[in-house]
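Observations on the three-dimensional arrangement
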Amino acid sequence: MRKINIGLSEEQRSGVVKLLNGDLSDAYLVLIKTKKFHWDVVGPQFRSLHEIWEEQYTALTENIDAIAERVRALGGFPVGTAQGFLENSTIKEQGDNIPLATEMVAQLVDDHEQIIRNLREHIDQCSEEFHDEGTADFLTGLMEQHEEMAWMLRSFIEGESLKADGSKPEGEMKKVPAQVK
């Protein structure tokens, strides 16, 4: 293989590739969970959630390809097995149970927020430790997409707190809009 001469040492590129493979693994597991919830959701929110999750898993699929190609551009090889994704991910698989729609949304919000925190850390590491501003910028774009996905999902369940079974938590005060004169 021809030597890569892009202003980053082998050590710098290897460090960035390791970060990217973690991000790839996280993206793959949240993709799987999003698709599973897209297939399994039921209830009055079915149509809305079914559509938003289709939009999100389509974007996640494109991001996964972009992350893998970034790994290759840096001379590395992307993780490409289920075992590899599980070993390198900070996201946990969904068990065999099928949660209620509100719990599905809450789980995905948690996952996207975990990815956002990871990406913030990886952006800093790419820039400060590995001096790879290109990957830092690339990860910033991914982070912004996850922020929007989390916001969309969070907005779906905000305004009225519900437990996973759809009931209101005990002792919670009802929000009442301010009176307009």
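Up top you'll find the structure we're talking about.
A short tour of the structure in this document, coming up. (Residues numbered from 1 in each chain as written. Predicted model: local features only at pLDDT ≥ 70, side-chain atom pairs only at ≥ 80, totals over all residues. Heavy atoms only, no water.)

1. Structural notes on the side chain of Asn63
Cut-off, in case you're wondering: Strands here are runs of E lasting at least two residues and helices are runs of H or I lasting at least four, both read from the DSSP assignment and numbered beginning at the N terminus. Only heavy atoms enter the contact rule, under which two residues are in contact if any of them lie within 4.5 Å.
Within the secondary structure, Asn63 sits in helix H2 (residues 46–73). Excluding its chain neighbours within four sequence positions, the residues that come into contact with Asn63 are Leu142 and Gln145.

2. Quick notes on helix H1 (residues 10–40)
Selection rule: Take the number of residues in a helix, subtract one, and multiply by 1.5 Å to get its expected span. The buried label applies to any residue whose accessible area, calculated with a 1.4 Å probe on protein chains only, is under 20% of its type's maximum; exposed applies above 50%, and partly exposed to all values in between.
The end-to-end C-alpha distance of H1 is 44 Å, a good match for the 45 Å that 31 residues give at a rise of 1.5 Å each. Burial analysis of H1 places 22 of its 31 residues in the buried class, the great majority of the element.

3. Side note on the packing of aromatic side chains
The geometry of an aromatic ring pair is captured by two quantities: the separation of the ring centres and the angle between the planes. This is how the line gets drawn: Aromatic rings from Phe, Tyr and Trp, with only the six-membered ring used for Trp, were paired whenever their centres fell within 6.5 Å, and each pair was classed as stacked if the ring planes differed by under 30 degrees, edge-to-face if by over 60, and tilted otherwise.
This model, assessed by the stated rule, comprises 2 aromatic pairs. With a centroid separation of 4.2 Å and 10 degrees between ring planes, the pair formed by Tyr28 and Phe85 is classed as stacked. Here the residue Tyr28 occupies a position in helix H1, and Phe85 occupies one in helix H3 (residues 82–88), the gap between them amounting to 57 residues. Ring geometry for Phe37 versus Trp53: centroids 6.0 Å apart, planes at 45 degrees, classification tilted.

4. Observations concerning the pattern of salt bridges
Applicable threshold: By definition here, a salt bridge exists when the distance from a side-chain nitrogen of Lys or Arg to a carboxyl oxygen of Asp or Glu is within 4 Å.
One pass over the full model with this rule turns up 7 salt bridges. Notably, a salt bridge pairs Lys36 with Asp40, separated by 2.7 Å at the nearest N-O pair. Taken as a pair, Lys36 and Asp40 lie in helix H1 at a separation of 4 residues, close to a single helical turn. Judged by relative accessible area, which is 35%, Lys36 ranks as partly exposed.

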